[in-house]
Amino acid sequence: FHLKYSFIFSVMFISHSLVSIFLYISSTTVLSTDTTALGVHYSLHSILRVFSQPEYYGNVLVAELMAKLRHSRVTSLPYVPPMANRMPFVVIDGFYTAGRTAVAKLVSKAIGAMHIISPPKRLSRLRRYFARTGLRKHFYALSKYVTSNIVLSQLYYFPIVLERYWHDHAAYEFAAHLDPPPPEGSNLYELPGDLARPDIFFFLNGALSPLKNNATTVKNHETLPFGKKTCSNIS
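About the thresholds
Residues numbered from 1 in each chain as written. Predicted model: local features only at pLDDT ≥ 70, side-chain atom pairs only at ≥ 80, totals over all residues. Heavy atoms only, no water. Core = buried A, V, L, I, M, F, W, Y, C linked by side-chain atoms within 4.5 Å. Buried < 20%, exposed > 50% of the residue type's maximum accessible area, 1.4 Å probe, protein only. Helix = DSSP H or I, 4+ residues; strand = E, 2+ residues; numbered from the N terminus. Salt bridge = Lys/Arg side-chain N within 4 Å of Asp/Glu carboxyl O. Phe/Tyr/Trp six-rings, centres within 6.5 Å; stacked < 30°, edge-to-face > 60°. Expected span 1.5 Å × (residues − 1). Arc of directions from axis to C-beta. Contact = heavy atoms within 4.5 Å. Pairing = 2+ DSSP bridges. Axes fitted to C-alpha atoms, helices over the stretch in contact; angles between N-to-C directions.

1. Looking at the nonpolar core
A general trend in soluble globular proteins is that nonpolar side chains are found buried together. Counting residues in each nonpolar core, the largest one holds 44 residues, and the members touching the most others are Phe51, Leu65, Phe89 and Phe174. Secondary structure elements with two or more residues in this core: helix H2 (44-51), helix H3 (60-73), strand E1 (89-94), strand E2 (114-117), helix H5 (124-130), helix H6 (136-154), strand E3 (160-163) and helix H7 (166-177). Among the elements that line this core, the one with the most residues is H6, at nine residues. Among the nonpolar cores identified, the runner-up in size contains five residues, and Val90, Ala104, Ala113 and Val161 belong to it.

2. A closer look at the pattern of salt bridges
Scanning the model with the defined rule gives four salt bridges in all. When the shortest N-O distance is used, the salt bridge between Arg100 and Glu163 registers 2.6 Å. Highlighted residues: Arg100 in helix H4 (residues 97-111) and Glu163 in strand E3, separated in sequence by 63 residues. Look at Glu163 and you get buried, because its relative accessible area is 0%. Between Glu173 and Lys137 there is a salt bridge whose closest N-O contact spans 3.6 Å. In this pair, Glu173 is assigned in helix H7 and Lys137 in helix H6, connecting sequence segments 36 residues apart.

3. Notes on the packing of aromatic side chains
All told, the structure shown has seven aromatic pairs when counted by the stated rule. Ring plane angle 70 degrees and centroid distance 5.6 Å describe the contact between Phe139 and Tyr140, whose orientation is recorded as edge-to-face. Neither Phe139 nor Tyr140 differs from the other in exposure class; each is buried. Pairing Phe174 with Tyr189 gives two aromatic rings, centres 6.1 Å apart and planes at 65 degrees, and the pair type is edge-to-face. Separated by 15 residues along the polypeptide, Phe174 in helix H7 and Tyr189 in the loop between H7 and strand E4 (200-204) bring together distant segments of the chain. Residue Phe174 shares its accessibility class with Tyr189, and that shared class is buried. One aromatic cluster is present, built from ring pairs that chain together Phe51, Tyr129, Phe130, Phe139 and Tyr140.

4. What to know about H6
Taking 1.5 Å per residue, 19 residues should reach 27 Å; H6 reaches 27 Å between its end C-alpha atoms and fits that length. By the criterion of burial, H6 is predominantly enclosed, with 18 of the 19 residues buried.

5. Side note on H2
The complete set of buried residues in H2 reads Leu44, Ser46, Ile47, Val50 and Phe51. Buried residues in H2, looked at end-on, bunch into an arc of 160 degrees, giving them a common side. Buried positions along H2 lie against H3, H5 and H6.

6. Examining the sheet that holds E3
If you trace the four strands from one edge of the open sheet to the other, you get E2-E3-E1-E4, paired in parallel fashion. Either end of the sheet is taken by a strand with one partner, and the two such strands are E2 and E4. Recorded for the sheet is a direction-independent mean angle of 20 degrees between the axes of neighbouring strands. Relative to E4, E1 runs parallel, the two sharing five bridges. Looking at E4, one finds that Ile92 is bridged to Phe202. Contacts from H4 reach E1, E2, E3 and E4, with the element oriented near 175 degrees to E3.

7. Section: unusual backbone geometry
Following Ser118, the chain continues to Pro119 via a peptide bond in cis, the omega torsion being 0 degrees. That bond from Asp179 to Pro180 is cis: its omega, 5 degrees, falls within 30 degrees of zero. Even without glycine at this site, Arg164 takes up a positive phi of about 65 degrees. Considering the arrangement of structural elements, one finds Arg164 in the loop between E3 and H7. On the accessibility criterion, Arg164 (16% relative accessible area) is buried.

In structure tokens form, the structure reads like this:
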């Protein structure tokens, strides 16, 4: 599974680089495969259709999730402004959580960036709930939009280093459920047009330690000299 995930991520990055020369990619792109059941969506509207189904009427936690989405939009820019008018936006993804987080923290420290992990902390309580429901994958898809709004609200002030963006979620679901995976160049690998587009992606195909591949934090890696953050994490 790890090899398949890494292969899909590599193909995603190649495919993404082919389309990134365009200034805008429509969120209404015609897709060759329906990936909604996997929780892989290509627009916010697609996700909201799932949460607006009648069986979720009156669900207070779904209502809370929608409220947090609306709140994240309050200070968000409607699009990523030109590079000359803002700070850089970097995404770091990878299968091994500990290694990815270690690198993200080091990069954040080096460039004085705000380090954000998706789903953001403001969704942590809801994450525990939705992880036990059939909406889990759709919750993760929606969390990318909340994260995108957070990024857009901060780009004028800080560089952003983000862990676990849209490709991380999509690659995992494709590796787990599609055999064979979509071919290189497939539009299924395109970042949705209504998400903030990073300036650069990094995919880390390795772990910090072969003994700690599945660690979720780097707090036990005492040899890593993380100093004080230039700016605090936002949630």
